[in-house]
Amino acid sequence: MILKYPVNYIAITQYFKTGVHNGIDLGWNSNYGGPNQPVYAAYEGTVIAVEKNYNQTDTSGGSYGNYVKIRHENNIDTLYAHLKYGSVTVNIGDKVTTSTQIGEMGNTGYAFGNHLHYEVFLNNVKVNPENYTYVFPGQITSSDKEATKGLLYYTPPTPPSPPNEEETKEELKKQIKELEDKIALQSKEIEVLKEELKENENYVFTYNVKKTSLYEIELYDGEILLIRNNNPEETE
Ligand SMILES: [Zn+2]
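Computed from a predicted structure; not experimentally measured.

### Looking at the domain arrangement of the chain
Next, step 1: Here the chain is partitioned into domain 1 (3-153) and domain 2 (165-235).
Next, step 2: For domain 1 versus domain 2, the distance between C-alpha centres works out to 87 Å.

Below, the structure written as structure tokens:
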């Protein structure tokens, strides 16, 4: 499944590390949406968990603060944490797509500054979001190489180009020429065969046959056997 980064300015400020940090953190930039930039669903699905009444930042405890969890196809879930208080607009059971804004980046829960903590679950197990999430056309990535290393980019499939009328015409002309050449060659072969047939028709076999001889001569269709006496003295 191809998930889309849930924010349109992409800078990873903390990477996934199994058992230590079970998601990735995405930072903000004042030129691209700022500290409260919109957060979108990474793929179409259904909201299965929401916390929207959290109105504080905790210095300990690992709380998600305000968050949204979405169930997608293929046993994949995504979770978006530390959302700004008052920004979450979706509820459990809502259908969402990648153009549905689910909230804004914030720092509720266990957060040191505004960021989006983003998790991906495969069969209820937290996996590295970087392996499933792609940068889509129109999304902006940070100029900081450390914050963008290993990003996957999604390239939309290009639709087949419409046939070029001029090329189609040339191709048809070529096909016609090929057929004409073939016909000319076959006509020539027919002429050769006709010629052979004519020669066969005019061919006369001559045998000297003695009166007492016994011959067995096989005739083909159209052949005629003529017997002519060239030696009259022997006829008596
Ligand atoms: Zn985090």
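Let us keep going from here.
### Re the sheet that holds strand β17 (residues 152-153)
Next, step 1: Spatially, the three strands line up as an open sheet ordered β1-β15-β17, and their pairing is parallel. Looking along the sheet, the strands with just one partner apiece sit at the ends: β1 (3-4) and β17.
Next, step 2: Pairing of β1 with strand β15 (residues 133-135) involves two bridges; the strand directions are parallel. Bridging across to β15, Lys4 finds its partner in Tyr134.

### Let's talk about unusual backbone geometry
Next, step 1: For Asn74, which is not glycine, the phi torsion reads 60° and is therefore positive.
Next, step 2: Phi at Asn123 takes a positive value of approximately 50°, unusual for a residue other than glycine.
Next, step 3: You can call Asn123 exposed: it has 9 C-beta atoms within 10 Å.

### Focus on the nonpolar core
Across soluble globular proteins, nonpolar side chains show a tendency to be buried alongside one another.
Next, step 1: Counting 32 residues, the largest nonpolar core has Val7, Leu26, Val68 and Tyr80 as the members making the most contacts within it.
Next, step 2: Mapped by element, the contributors of at least two residues to this core are β2 (9-10), β4 (24-26), β6 (45-51), β8 (66-71), β9 (76-83) and β13 (116-122).
Next, step 3: Among the elements that line this core, the one with the most residues is β9, at four residues.
Next, step 4: Setting aside its immediate chain neighbours within four residues, Val68 contacts Val47, Val50, Tyr80, Leu83, Val88, Val90, Ile102 and Gly103.

Rules of the game
- Note that residues are indexed from 1 along each chain, following the sequence as it is written.
- Totals for whole chains, interfaces and linings use every residue, but because this is a predicted model, local features are given only for residues with pLDDT of at least 70 and side-chain atom pairs only at 80 or more, for both listing and counting.
- What counts as a domain boundary in this text is fixed by an automatic or database domain assignment.
- Strands were regarded as paired on the criterion that DSSP finds at least two bridges between them.
- Here a strand is any run of E in DSSP of at least two residues, a helix any run of H or I of at least four, and the numbering for each starts at the N terminus.
- Three exposure classes are used. Buried residues have 20 or more other C-beta atoms within 10 Å of their own C-beta, exposed residues have 12 or fewer, and partly exposed residues fall in between, all C-beta atoms being placed from the backbone.
- In these notes, a nonpolar core means any group of buried Ala, Val, Leu, Ile, Met, Phe, Trp, Tyr and Cys residues linked to one another through C-beta atoms within 7 Å.
- In this description, a residue-residue contact is defined by the distance between C-beta atoms placed from the backbone, which must lie within 7 Å.

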